[in-house]
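What the coordinates show
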Amino acid sequence: MPEFEPQIVAFCCNWCTYAAADLAGTSRVQYPSNVFIARVMCSAMVSPEYVLRAFENGADGVIVSGCKYTDCHYVDGPVKCDAMYAKLKRLVHVLGLEDERLRREMIATSEGTVFARIVEESVNQLKKLGPSPFKAKTEAVA
Amino acid sequence: MNLEDIIQETNTHYCLECGKCTSVCPVAKYDPSFSPRRMIENALLGFEDELTFNQKLFSCLTCYTCSLRCPSDVDFPVFIQKARGIAQNNGQHGICAHAGQLQSLARLMASPEIKQSRLEWLKGIDGSALYRISDTSDVLFWVGCAPYFEPIFEDIEFSALDITKASLKILNLLGIEPKLLPNEKCCGHDALWTGDIVTFKKLAEYNAAQIKEAGIKKIVFSCPEGYRTFKLDYPNYVDLGCEVQHISEFLAEKIEKDGLKFKEIEKKVTYQDPCRLGRHLGVYDAPRKVLESIPGIELVEMPYIKEESICCGTSAWTNCDSCSNMIRMQRLSEAKATGAETLITSCPKCQTHFRCAMVDKGDLKRSMPEIEVMDLVSLVANAMGD
Amino acid sequence: MEEVKIGVYVCWCGLNIAGTLDSVEVAKYAGTLPHVVISRDYKYVCSDPGQDLIKKDIKELGINRVVVASCSPRMHELTFRKTCQDGGLNPYLYVQANIREQCSWPHATDRKLATEKAKALVRAAVSRVYYADPLETKNVPVNPNVLIVGAGIAGIQAALDIADGEKKVYLVERSPSVGGHMIQLDRTFPTLDCAECIQTPKMTDVGHHPYIELMTLSEVEDVTGFLGNFKAKVRQKPRYIDIDLCNSCGECAKVCPVEVPDEFEMGLHMRKAAYLPLPQAVPAAFAIDKKGTSPCRIACPAGVNPQGYVALISQGKFKEALEVVRRTMPFAGVLGRVCTHPCELDCERRVFDEAIAIRALKRFVADYELRVGREKVTPIEKTKDEKVAIIGSGPAGLSCAYDLVREGYAVTVFEALPQAGGLLRYGIPEYRLPTEIVDNDISYVQELGVEIKTSTLVKDLGDIFEQGYKAIFLAFGAEASQKMGIPGEDTSGVIYALDFLKLVNSETKPTLVDRRVAVIGGGNAAVDAARASWRLGAKEVTIVYRRSQAEMPAIRTEIEEAEEEGIKFHFLAAPAKILSKDNELSAIECIKMELGEADVSGRRRPSPVKGSEFTINVDNVIIAIGQTVNKEALPKELAYTGWGTLEVNPVSLQTNIDGVFAGGDVVSGPADVVTAVAAGKEAAISIDRYISGVSLTEERQTTPKKVEQVSKEGVKSKARASTPILNLKERKGSFTEVEQVFDEKTAIEEAKRCLNCGVCSECLECVRVCDQKAINHNMGDDLVEVEIGSIILATGYDQFDPSVIPQYGYKKYDNVLTGLEFERITCAGGPTAGKIQLKDGREPESVAIVHCVGSRDKNYHEYCSRVCCMYGLKYAHLIKEFTKAEVYEFYIDMRCFGEAYEEFYKRCSEEGVNFIRGKVATVTDQTTSEEEQGKLVVVAEDTLLGKMIRVPADMVILCAALEARSDASDVASLFTIGQRADRFFLETHPKLAPVNTPTDGVFIAGCCVGPRDVPDTVAQASAAASKALSLISKGMVTTLATVAHVDETICHGCGRCEEICIFHAPTIISNNGTVVSNINEALCKGCGACAVVCPTGAISVRHFTKQELDSLIDGLLEVQHA
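Residues numbered from 1 in each chain as written. Chains lettered and ligands numbered in written order. Predicted model: local features only at pLDDT ≥ 70, side-chain atom pairs only at ≥ 80, totals over all residues. Heavy atoms only, no water.

A few points about the overall build of chain B
- Scanning chain B from N- to C-terminus turns up 19 helices and seven strands.
- Its C-alpha atoms give chain B principal-axis dimensions of about 60 × 50 × 45 Å.
- Residues counted as buried form 65% of the 386 residues belonging to chain B.
- Per element, the accessible surface of chain B, about 14,500 Å² overall, is 50% carbon and sulfur.
- Each charge class in chain B can be summarised by its mean position, and for the 43 positive and 53 negative side chains these summaries are 1 Å apart. (Helix = DSSP H or I, 4+ residues; strand = E, 2+ residues; numbered from the N terminus. Buried < 20%, exposed > 50% of the residue type's maximum accessible area, 1.4 Å probe, protein only. Areas by Shrake-Rupley, 256 points an atom, 1.4 Å probe, with all protein chains shown as cover. Lys, Arg positive; Asp, Glu negative; His and termini not counted. Charge placed at Lys NZ, Arg CZ, Asp CG, Glu CD.)

Focus: the overall build of chain A
- Across its full length, chain A holds five helices and four strands.
- In sequence order, the secondary structure elements of chain A are arranged as β-α-β-α-β-α-β-α-α.
- Here chain A has a C-alpha radius of gyration of 15 Å; the compact-globule value for 142 residues is 14 Å, and the two agree.
- Along the first, second and third principal axes, the C-alpha set of chain A runs to 40 × 35 × 25 Å.
- Of all 142 residues assigned to chain A, the portion counted as buried reaches 66%. (Rg over C-alpha atoms; globule rule 2.2 N^0.38 Å.)

Concerning the interface of chain A and chain C
- Each partner contributes residues to the interface: chain A has 47 residues there, and chain C has 48 residues.
- For the pair chain A and chain C, the summed buried surface comes to about 4,100 Å²; carbon and sulfur atoms form 61% of the total.
- A salt bridge links Asp1110 of chain C to Arg53 of chain A, with the nearest nitrogen and oxygen atoms 3.5 Å apart.
- Counting the contacts that link chain A with chain C gives 14 residue pairs in polar contact (both at pLDDT 80 or more).
- At the level of secondary structure, the elements contributing two or more residues to the side of chain A that touches chain C comprise strand 1 (8-13), helix 1 (17-26), strand 2 (35-40), helix 2 (48-56), helix 3 (77-94) and helix 5 (133-141) of chain A.
- Here the side of chain A that touches chain C is composed, by residue class, of 27 nonpolar, 10 polar and 10 charged. (Contact = heavy atoms within 4.5 Å. Buried area = accessible area lost by both parts, 1.4 Å probe. Salt bridge = Lys/Arg side-chain N within 4 Å of Asp/Glu carboxyl O. Polar contact = N/O pair within 3.5 Å; in protein donor to acceptor, adjacent residues only side chain to side chain. Nonpolar A, V, L, I, M, F, W, Y, C, P; charged D, E, K, R; others polar.)

Regarding the state of the cysteines
- On inspection of all chains with the given rule, the structure shows one disulfide over all chains.
- Covalent S-S linkage joins Cys194 of chain C and Cys197 of chain C, the inter-sulfur distance amounting to 1.8 Å. Taking the sign of the S-S torsion, about 95 degrees here, the bridge from Cys194 of chain C to Cys197 of chain C comes out right-handed.
- The exposure class assigned to Cys197 of chain C is exposed, which follows from its relative accessible area of 52%.
- Free cysteine Cys96 of chain B: the closest other cysteine sulfur is in Cys320 of chain B, separated by 12 Å.
- The closest cysteine sulfur to the non-disulfide-bonded Cys1051 of chain C is located on Cys1057 of chain C, 6.2 Å from its own sulfur.
- With relative accessibility at 8%, the residue Cys1051 of chain C sits in the buried group. (Disulfide = S-S within 2.5 Å.)

Quick look at the confidence of the model for chain B
- Of the residues in chain B, 100% have a pLDDT of 70 or more, and the chain-wide mean is 93.
- Both scores are given for the predicted complex: the pTM is 0.75, the ipTM 0.93. (pLDDT = per-residue confidence, 0-100.)

Notes on the sheet that holds strand 7 (residues 372-375) of chain B
Residues and elements named next belong to chain B.
- Within the open sheet, the four strands sit side by side as 5-4-6-7. Their pairing is parallel. In the strand order of this sheet, the two ends are held by strand 5 (297-299) and strand 7, each with one partner. This sheet shows a mean twist of 40 degrees between the axes of neighbouring strands, independent of strand direction.
- Here strand 4 (residues 267-272) pairs with strand 6 (residues 342-345) via four bridges, running parallel. Across the sheet, Gln272 pairs through a bridge with Thr345, a residue of strand 6. (Pairing = 2+ DSSP bridges. Axes fitted to C-alpha atoms, helices over the stretch in contact; angles between N-to-C directions.)

Re the interface of chain B and chain C
- Counting residues at the interface gives 22 residues for chain B, matched by 20 residues for chain C.
- Around 1,600 Å² of area is buried between chain B and chain C when both sides are counted, 55% of it from carbon and sulfur atoms.
- Inspection of the region where chain B meets chain C yields two salt bridges.
- The residue Glu1059 of chain C makes a salt bridge to Lys361 of chain B at a minimum N-O spacing of 3.7 Å.
- In terms of residues, the side of chain B that touches chain C owes the most to one element, helix 17 (residues 322-337) of chain B, which gives four residues.
- For the side of chain B that touches chain C, the residue count by class is 10 nonpolar, five polar and seven charged.

Details of the packing of helix 6 (residues 111-129) of chain C against helix 35 (residues 1106-1117) of chain C
Residues and elements named next belong to chain C.
- Axis separation between helix 6 and helix 35 bottoms out at 7 Å; the angle between their running directions is 155 degrees. Between helix 6 and helix 35, the crossing angle belongs to the class labelled roughly antiparallel. The hand of the helix 6/helix 35 crossing is right-handed. Here Ala120, Leu121, Arg123, Ala124, Ser127 and Arg128 of helix 6 lie close against helix 35, whose contacting residues are Glu1108, Ser1111, Leu1112, Gly1115, Leu1116 and Leu1117.
- Of the residues contributing to the contact of helix 6 with helix 35, the split by class is six nonpolar, three polar and three charged. (Parallel < 35°, antiparallel > 145°, perpendicular 65-115°, else oblique. Left-handed = near helix turned anticlockwise from the far one by under 90°.)

What to know about the packing of helix 2 of chain A against helix 8 (residues 101-109) of chain B
- Close contact between helix 2 of chain A and helix 8 of chain B brings their axes to 9 Å; oriented N to C, the two are set at 20 degrees. As summarised for this structure, helix 2 of chain A and helix 8 of chain B are arranged roughly parallel, according to the angle between their axes. As helix 2 of chain A runs across helix 8 of chain B, the sense of the crossing is left-handed. Residues Pro48, Glu49, Leu52, Arg53, Phe55 and Glu56 of chain A of helix 2 of chain A pack against Gln101, Ser104, Leu105, Arg107 and Leu108 of chain B of helix 8 of chain B.
- Among the residues making up the contact of helix 2 of chain A with helix 8 of chain B, the classes are represented as five nonpolar, two polar and four charged.

Quick notes on the side chain of Arg531 of chain C
All names here are of chain C.
- With respect to the helices, strands and loops of the structure, Arg531 is situated in helix 21 (residues 524-535).
- A polar contact of 2.6 Å, which involves the side chain of Arg531, links it to the side chain of Glu565.
- Not counting residues within four places of it along the chain, the set of residues in contact with Arg531 comprises Tyr431, Glu558, Glu561, Ala562, Glu565, Ile567, Arg731 and Val738.

Regarding the environment of Thr1074 of chain C
- With respect to the helices, strands and loops of the structure, Thr1074 of chain C is situated in strand 49 (residues 1074-1079).
- Through-space distance from the C-alpha of Thr1074 of chain C to that of Leu53 of chain C is 50 Å; in sequence the pair is 1021 residues apart.
- Dropping the residues within four chain positions of it, Thr1074 of chain C is found in contact with Met326 of chain B together with Ile1069 of chain C.

Notes on the sheet that holds strand 24 (residues 540-545) of chain C
Residues and elements named next belong to chain C.
- If you walk across this open sheet you meet the five strands as 22-30-23-24-25, and the pairing is parallel. Two strands bound the open sheet, and with one partner strand each, they are strand 22 (494-496) and strand 25 (568-571). Ignoring strand direction, the axes of neighbouring strands in this sheet form an average angle of 20 degrees.
- Of the pairings in the sheet, the one linking strand 23 (residues 516-520) to strand 24 comprises five bridges and is parallel in character. Residue Val517 lies in a different strand from strand 24, and its bridge partner there is Val541.
- Lying over the sheet, helix 21 contacts strand 23, strand 24 and strand 30 (620-623), oriented at roughly 170 degrees with respect to strand 24.

Some thoughts on the nonpolar core
- Formed by 228 residues in total, the largest nonpolar core has its most connected members in Phe11 of chain A, Ile211, Ile219 and Phe230 of chain B together with Ile99 of chain C.
- For this core, the leading source of residues is helix 6 of chain C, giving nine residues.
- In contact with Phe230 of chain B, not counting residues within four places along its chain, are Trp142, Cys187, Ile211, Ile219, Phe221, Pro235, Leu240 and Val244 of chain B.
- Judged by nonpolar contacts, the second largest core, of 97 residues, contains Val325, Leu433, Ile657 and Ala662 of chain C. (Core = buried A, V, L, I, M, F, W, Y, C linked by side-chain atoms within 4.5 Å.)

And the structure:
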């Protein structure tokens, strides 16, 4: 049986983390292909619903990543994102999901390597954790 | 299930097109484009798409005001429920309030493998148990969505868990140590009423299995929606084999039989009949009995009560639109007009919606009447001392 | 809705993509996805032929959605949107799948995985584009005016660039002159040309430029609107000197009595309250510095201006000082003696040491006039036809007359008694208030033209009106003595205080030789009566008071002096009856009292102790338990309060009769003189308003702005001067004044103690000397609204305050200076006229220059301040050039980037400057060796030698960091722009958008963005200017299409969106009855925060709707479903 390949959805803000991911590519930094980036304009745009939906669709992990506090294109997007994330974290906890499956990151435009490192990290963690309990459901649907 | 069967099942073909339904419908009152009669007409004429692709299909509150008046006994709410099933298959699911989180949560809970940690609130910060519960008890208390509501509704200062805790406090004081299901799943009420039968079935099955396994004889609910779902809907899908009861009925019984007494609370209150508990299940008197038996409580009724009572404006987290808001405004003004200081309800959803309506953050204020909203059990818990 | 036909174009990007993943297979796969009608792969989709493919398919296959799988949308999204547009498709019906930067490049090792992922990305794009909606952008015209905030070199440069382009500039500067920090600099490195010489021309240009509207002393208070169409509210604070009239002759500053540290000279010397902000000030006009109204003036019931006359006394201008007093009221002499001086209680100096002796100083100037004689007073001409009658010539009546006569009214004062003055003359014994003083003050009022008719009792107000008086002011006072109502009160030998004091003040004084006198009561009248009795020879005087000493209403000092004079006090005792033996008064029987609860007056109410009666043997009893209004003496028709005083409107003082006003004791009941004066002045205002037909009450109370905080920096503690007192022997049997007057020297010394709380003292000397008539002390704030299309912020920096690093001894040692202070010292126009010298005037023999003070230091500021190394070198060079001093530069790294900087560094090292690599640990005066004697010692490690060194220096210059303005955050939130952790303003991109901010149309330049030297600042200013100009020349701005949108049928108008949006895009509006949110698309940036908090789902961001994002997520993960 082949090794379990986790699926990660990364919500990345257009101005910093998405650009960082681009930079990782441009500088040919290699990282696992298990991450799928959803481009949003600002991390504050990510409603808890989108994250829940990703899990529902079988994501083994989700990363919400945007600008650092001081370089937000919308001044205080990260602060708003934090507020949203705090609620989300509690929901996901009640659902009984392991903390490692949900990450909040702040990756600046220049940090291509950081982006790659974080993907690497989460993939390894998730491989240890195994598939998300919600996979079962989605497979059942199929 | 196709439209034809739905029509059969809900007596729709008996419809006289008298329009009474529309004329008493709280939604139609504020949204002229919404008409139960026309929806039924469309169904009878076989215009399935007009019915199921119409966003308004999800505006119905399924509050049973129309059905109770219908001369031909058409079960309009169930008609809507099933029609939504068809709509779902066409990818229609109305406008989801709170971005659809609550629907997602239901679907997520329907997954077999999850192990929720939904009971952490049972322990105090020091880890000590705050309530006495027993794994061996054959009485089950139904916690419901409360643990999930906690983060979602903190911004309107509503804690559904307070209701759960109050209920447990009451049960304990009456010497009952109920069982709680550590992996209890959503009862599926909202899934069912938005037409997501797939999810509903799964949830019903998982819950029934757990309850059987635990050898439960009786389930007590603080939430009328769970109560209704277990009492009227589960039997159509699963075999539960146990008694179910709403806590207001349970309390009424205790007062009747065991002469339960409360300590005095000076308060002028009015009472909101939740549609599920009231029109759906005909429980009007129990909660009133409880209120009247608390010394010092003065119950002043609103003009429209019991069968005629007006709904909190939204059900199943869909189409919470401007007309929902107007329905709330009407109901809150009625409550305010009674001169009561508190609006008592026995449904967490009523409370969510009324509280939300009173949260006004714009610079241009809405003229929303303000009144304290409280669940029956919270009041009772206070009346049973500490 | 029309059938959705999607076209997918998978790019090879040469081998960039096709090299590591199978573009062909991806394209094939895409072809199988729902609604995809055509799917192609192509070498370079971005090439013209590539783009033509798309356009062709749009035309021929009628595809109405396009997906390109290629590089990052950040690279080519706009390219392909344009392609769609050219092909006749709305540009927003396009989605790009990033299979290069985010697939082929980072997953180059596993072709299969990369291909699979690419499929997923394409699939997601396809499922998303299905829900894409066509969007439109709008064009909004740009207002060509520009607002520039801050007129330092950055603001000046930007303003000139734009104005030279013949576009209107509003240049707003907080201080009274443009120039900023640069004009404080002496020379600029490395060229050493003097800052003045290069900046002054620019400053004058700004002053005269037809396209620049300069607003000094101004701050932006509010900004609304959006890119191209802003509105700003600018508050212009008064300069009190008309810029156009002022010819900078400087006379105002010469006569100004107030001195404060000069900000421009870094406090190295003083300037006047009327001052020229800097020698090359633009606008070239003086300004008057007012921090607010001084507490003493606010405390004075009559509103006298103590700071004003005290300041003038400190300059020896006694005559002028007296004028300042008389500007408000005529009783300098009287109140200089008997005032209860609330001003001294509130004197700011009290929090430091002791209050200024304000009352005594007032008396000093009054007596000064008596000594040197009064200059001829020219009566005020009657400019008004109306006559006013005043009844009663006490302090209230005369103050009212005084103000009205100066308003130009004919005023007649009617006095029942033979002489004017009321209680001043008859109620206060001469050892406190000599008659000549009363006469002198009253005579001044008369000389101004007030007619006083003595010995004329007014019985009927009707007569007065018939005599043609338009209004009447009643100031009868409260002259009826209160009776005790005890047995024996009518015995001869019993007298009431007022009657007694009247006798005492008359030519024929009574005698009390060898008599025992009891005075009943605790007020000033009681103490006066007692002390007068003592002076008239009484052998024993006892004050009997029913409360304890603490409750005595009499003035403290009076009680103390009475005690000195041997007056006995019998507290907690009340007379029960007055006994007489063979109808000669023999004794009073008293009963002991005890204090109970506090009464309305806040004093504890006494109650008799049963059976505690006792007697005191006396020959005379003086009853001084208070006065009341004598109703008999007053006209009938008046209304009274429960207290038996006249009833008047509390604001206008009008009685129940129209045109009849009343004030003073007759209204308030017995009170002190200054309160009566205040009432008189208030009545004068009413009467003037009444006669000229203005409302008596509206907009009357003008509450002066109290000065907020008063700097006590450098104030040395100094005891309050006490007035000389007559000794007991001299007092006995004599009525000469007990308290004596200051001599001139003491008066001046005492006046110098004043802290000048309000800075400008409003002595108005400047107004007197200004022949341009340019000065107007009544100027108020102006609120100007300007409409502009763009904004440039150039608000500059603050210098780091080194005193927070105690080891460096700044403000502790005289010769430890900051950079800016040294700039002033070397400057030819500076406090030392350019001579480099120590505080004591000596030339330094060795100078240490300490780098990185507050910079490159985690404890203060982590960043490098970028200019210190270079100005440090500049100082070294100048010191070398003008003195023989040794110079030591303590540096960590020398940062001499930039044109000719490194060369300058070399030059200085060749000049023999000592460079020591090491951060200074301490600057101390603790010397350890002979050579260190009398010098400061700079302790550091020479890290190159690796040994500790101690360098003796006469002068230490601290290269203090440049830090963000203390109020930077207020500015940031006002203009909704971001700040870095170090609080400097945040640019949109440090390299590619260095002058842009998140708020379109707001640009930043200069040190408000971070430390910069002059060249960089100027360059950045021009950059900002060009940004503004390009906006203007474009004339239009295109609004964002991907903005928030509200479905009004769903919205509740709960306002959560309005609350969370910092750009103020959503506002809750009432839309025919229903309350809903409304998005101002021009303000919306499309961040989507509002959509997240919207509980109903009414708000969505166009192009990022729930459907679009949901389908994107589904698409990404669908692999699992297969």
